[in-house]
Amino acid sequence: EPVAAVHDRRLPFGIPVRVYEPAARGGPDDGAPPPVVVFFHGGGFVVGNLDMQDETCRRLANRVGAIVVNVDYRLAPEHPFPAGHADAYEAVTWAAEHGAELGGDPSRLAVGGDSAGGNLAAAAALLARERGGPKIGFQVLIYPVTDANFETDSYREMAEGYGLTRDTMQYFWDLYLSDP
């Protein structure tokens with residue numbers, strides 16, 4: 001999906017990001033800078049990259065009319081917990097500090113992600129609250145992984161046959177966490 005611009009960058013602490021500018025700006029906030037959304041891809045904390053969610057981020061930028069910062073956080077097993085969570089918080093802090101340079105309004109900051117990325121988005125929001133900032137106004141958590149309890153009804157009933165298996169989820173968690 002076409003957007004106004006796409007820029008690949010590397011944050012000061014070494015994490016690659018891809019920044020998307022929406023194709024059109026306008027709507028109820030005509031003339032105001034768009035909000036800034038920091039997005040984290042899924043992949044069990046083990047797989048994934050900027051390309052994995054490229055189309056999602058393009059759509060998000062256009063449909064929301066937002067600057068979207070797609071974050072390529074460090075992956076396990078080379079970088080187990082808390083590396084991804086630290087990267088997520090640092091990326092959100094960077095977006096808050098540099099959102100205006102990106103053409104956005106960092107006072108309208110949101111976080112989002114799918115699966116493991118939803119976990120990272122929620123964790124970044126919790127860290128921001130605990131540390132006194134940055135202020136996050138909105139979360140978009142798409143089927144976030146929020147628990148490693150494999151004895152829930154859904155893990156037992158949906159263990160096989162739905163693409164992502166219980167065994168695969170256990171494998172991802174084992175690679176990401178050094179201690180359950």
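Preceding this section is the structure that the text describes.
Residues numbered from 1 in each chain as written. Predicted model: local features only at pLDDT ≥ 70, side-chain atom pairs only at ≥ 80, totals over all residues. Heavy atoms only, no water.

Participant: I keep staring at the overall build of the chain and nothing clicks. Help me out?
Facilitator: The secondary structure content of the chain amounts to 5 helices and 6 strands. For the chain, the succession of helices and strands along the chain, N to C, is β-β-β-α-β-α-β-α-β-α-α. In summary, the chain has a C-alpha radius of gyration of 17 Å against a globular reference of 16 Å for 180 residues, a match within 12%. The principal-axis extent of the C-alpha atoms belonging to the chain is close to 50 × 35 × 25 Å. Within the chain, the proportion of its 180 residues that are buried is 49%. Relative to all contacts within the chain whose residues are 6 or more apart in sequence, the contacts with residues 24 or more apart total 71%. When the accessible surface of the chain is totalled, it reaches about 9100 Å², and 52% of it is carbon and sulfur. When the 14 basic and 25 acidic side-chain charges of the chain are each reduced to a single mean position, those positions are 5 Å apart. (Helix = DSSP H or I, 4+ residues; strand = E, 2+ residues; numbered from the N terminus. Rg over C-alpha atoms; globule rule 2.2 N^0.38 Å. Buried < 20%, exposed > 50% of the residue type's maximum accessible area, 1.4 Å probe, protein only. Contact = heavy atoms within 4.5 Å. Areas by Shrake-Rupley, 256 points an atom, 1.4 Å probe, with all protein chains shown as cover. Lys, Arg positive; Asp, Glu negative; His and termini not counted. Charge placed at Lys NZ, Arg CZ, Asp CG, Glu CD.)

Participant: Quick question: what am I supposed to make of helix H5 (residues 166-176) here?
Facilitator: Residues three or four positions apart in an α-helix share a direction because the helix packs 3.6 residues into each turn. If you check which residues of H5 are buried, you get Arg166, Met169, Phe172, Trp173 and Tyr176. Buried residues of H5, seen end-on, are gathered within an arc of 120° and therefore sit on one face of the element. In H5, the exposed positions that point more than 90 degrees away from the buried face belong to Asp167 and Asp174. If you follow the buried residues of H5, they end up packed against helix H2 (83-98), helix H3 (116-131) and helix H4 (153-157). (Arc of directions from axis to C-beta.)

Participant: What is the right way to look at the environment of Ala91 in this model?
Facilitator: Here Ala91 lies in helix H2. Sequence-wise, Ala91 and Val69 are 22 residues apart; in three dimensions their C-alpha atoms are separated by 8.6 Å. Every residue in contact with Ala91, bar those within four places of it in the chain, is listed here: Leu11, Phe13, Val38, Phe40 and Val71.

Participant: Is there a simple way to explain the layout of surface pockets in this structure?
Facilitator: The gaps of empty space that remain are located by a probe, the size of a water molecule, rolled over the atoms. There is about 340 Å³ of room inside the largest pocket. Lining of the largest pocket is provided by 15 residues; of these, Val145, Ser154, Tyr155, Leu164 and Met169 occupy positions nearest its centre. Broken down by secondary-structure element, the contributors of at least two residues to the lining of the largest pocket are H4 and H5. (1 Å grid on protein atoms, 1.4 Å probe; cavity = no way out; pocket = protein on both sides within 12 Å on 5 of 7 lines; lining within 4 Å. Points joined across faces, edges and corners; volume = space filled by probe spheres on them.)

Participant: Looking at this model, I keep getting lost on the pairing of strand S2 (residues 16-21). Mind explaining?
Facilitator: Within a regular beta strand, the side chains point alternately toward one face of the sheet and then the other, so they alternate between its two faces. Counting buried positions along S2 yields 6 of 6 residues, so the element is predominantly enclosed. Both strand S1 (residues 5-10) and S2 contribute to a ladder of 6 bridges, which runs antiparallel. Looking at S2, one finds that Asp8 is bridged to Arg18. The turn linking S1 back onto S2 is made up of 5 residues, and Gly14 within it adopts a positive phi angle of 95°. In this structure, S2 lies alongside strand S4 (residues 67-71), joined through 4 bridges in antiparallel fashion. What sits directly across from Arg18, in S4, is Asn70. (Pairing = 2+ DSSP bridges.)

Participant: Where do I start with unusual backbone geometry in this structure?
Facilitator: Note: most residues except glycine have negative phi, and most peptide bonds are trans. For the peptide bond that leads from Ala76 to Pro77, omega is 5°, which places it in the cis range. Checked against the element boundaries, Pro77 lands in the loop between S4 and H2. The step from Phe81 to Pro82 runs through a cis peptide bond, and the omega angle for that step is 10°. Examined against the element boundaries, Pro82 turns out to sit in the loop between S4 and H2.

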